[in-house]
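Observations on the model geometry
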Amino acid sequence: MARLTNKKRAEANKTLWDRANGSLRQQWRSKQQKALDFYLNDQLTEDEQRILEESGMPTFTINRITPVIEIMKFFVTAKSPRWQAIASEGSDVDVAAVHSDIADYCWHLSNGKSLYSHVIQDALTRGVGYFMVDVEPDLDRGMGEVVFKRIDPFDVYIDPSSRDFLFRDANYM
């Protein structure tokens, strides 16, 4: 098997980037940005605002989307998730309990409820929300901690040939 040179790797990465950042993704991003702007009460374009002003019409908007999304976020995040690992056999019960406790600890360390609220908002306003499990090496006096994080949906580039809604068939992300 021939080893890839740095130049060939760079060319392969550039090809993947061009494929993932194509016109379909640009359309998706544009639509999702409009949806986010709408949620943030930026619903009129400058041209629409000018036309309304010139015709003597009111230019204020009554935003019915933001309160609905806030209510949905409240109900989804009202309780923190309950982490439960299941033992595969009787001797694994104690290990499963430790895993459940570790997941709960990481959730609270990461301010999981607030993080979850942001991910839900992303899902409702941009069509998708992402969690990431990561290691913060500087926490716990330099010993490191496992933490949950949120990834901005616009920072994720997915294989455009993926058809599964969870992207399980994607060749790359």
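Now for a quick tour of the structure. All values derive from a computational prediction rather than experimental measurement.

Observations regarding the nonpolar core
One finds Val 128, Tyr 130, Val 156, Ile 158 and Ala 170 forming the largest nonpolar core, which totals five residues. Leave out the neighbours within four places in its chain, and Val 156 touches Arg 25, Tyr 130, Ile 151 and Met 173.

Details of the packing of aromatic side chains
In this structure the tally under the stated criterion is 10 aromatic pairs. Aromatic pair Trp 17 and Tyr 157: ring centres 4.5 Å apart, planes at 50°, arrangement tilted. Residue Trp 17 is located in helix H1 (residues 6–20), and its partner Tyr 157 is located in the segment after strand S2 (145–151); the two are separated by 140 residues in the primary sequence. Relative accessible area serves as the criterion here: at 39%, Trp 17 is assigned to the partly exposed category. A network of ring pairs unites the aromatic residues Trp 83, Trp 107, Tyr 116, Phe 131 and Phe 148 as a single cluster.

With respect to helix H4 (residues 65–77)
The end-to-end C-alpha distance of H4 is 18 Å, a good match for the 18 Å that 13 residues give at a rise of 1.5 Å each. Among the residues making up H4, those that are buried are Thr 66, Ile 69, Lys 73 and Thr 77. Down the axis of H4, the buried side of the element spans an arc of 65°, and every buried residue falls inside it. Every exposed residue of H4 that faces more than 90 degrees away from the buried side is listed here: Phe 74 and Phe 75. Looking at the buried positions of H4, the neighbouring elements they touch are helix H2 (23–39) and helix H6 (112–126).

What counts, and where the lines are drawn
Residues numbered from 1 in each chain as written. Predicted model: local features only at pLDDT ≥ 70, side-chain atom pairs only at ≥ 80, totals over all residues. Heavy atoms only, no water. Core = buried A, V, L, I, M, F, W, Y, C linked by side-chain atoms within 4.5 Å. Buried < 20%, exposed > 50% of the residue type's maximum accessible area, 1.4 Å probe, protein only. Contact = heavy atoms within 4.5 Å. Phe/Tyr/Trp six-rings, centres within 6.5 Å; stacked < 30°, edge-to-face > 60°. Helix = DSSP H or I, 4+ residues; strand = E, 2+ residues; numbered from the N terminus. Expected span 1.5 Å × (residues − 1). Arc of directions from axis to C-beta.

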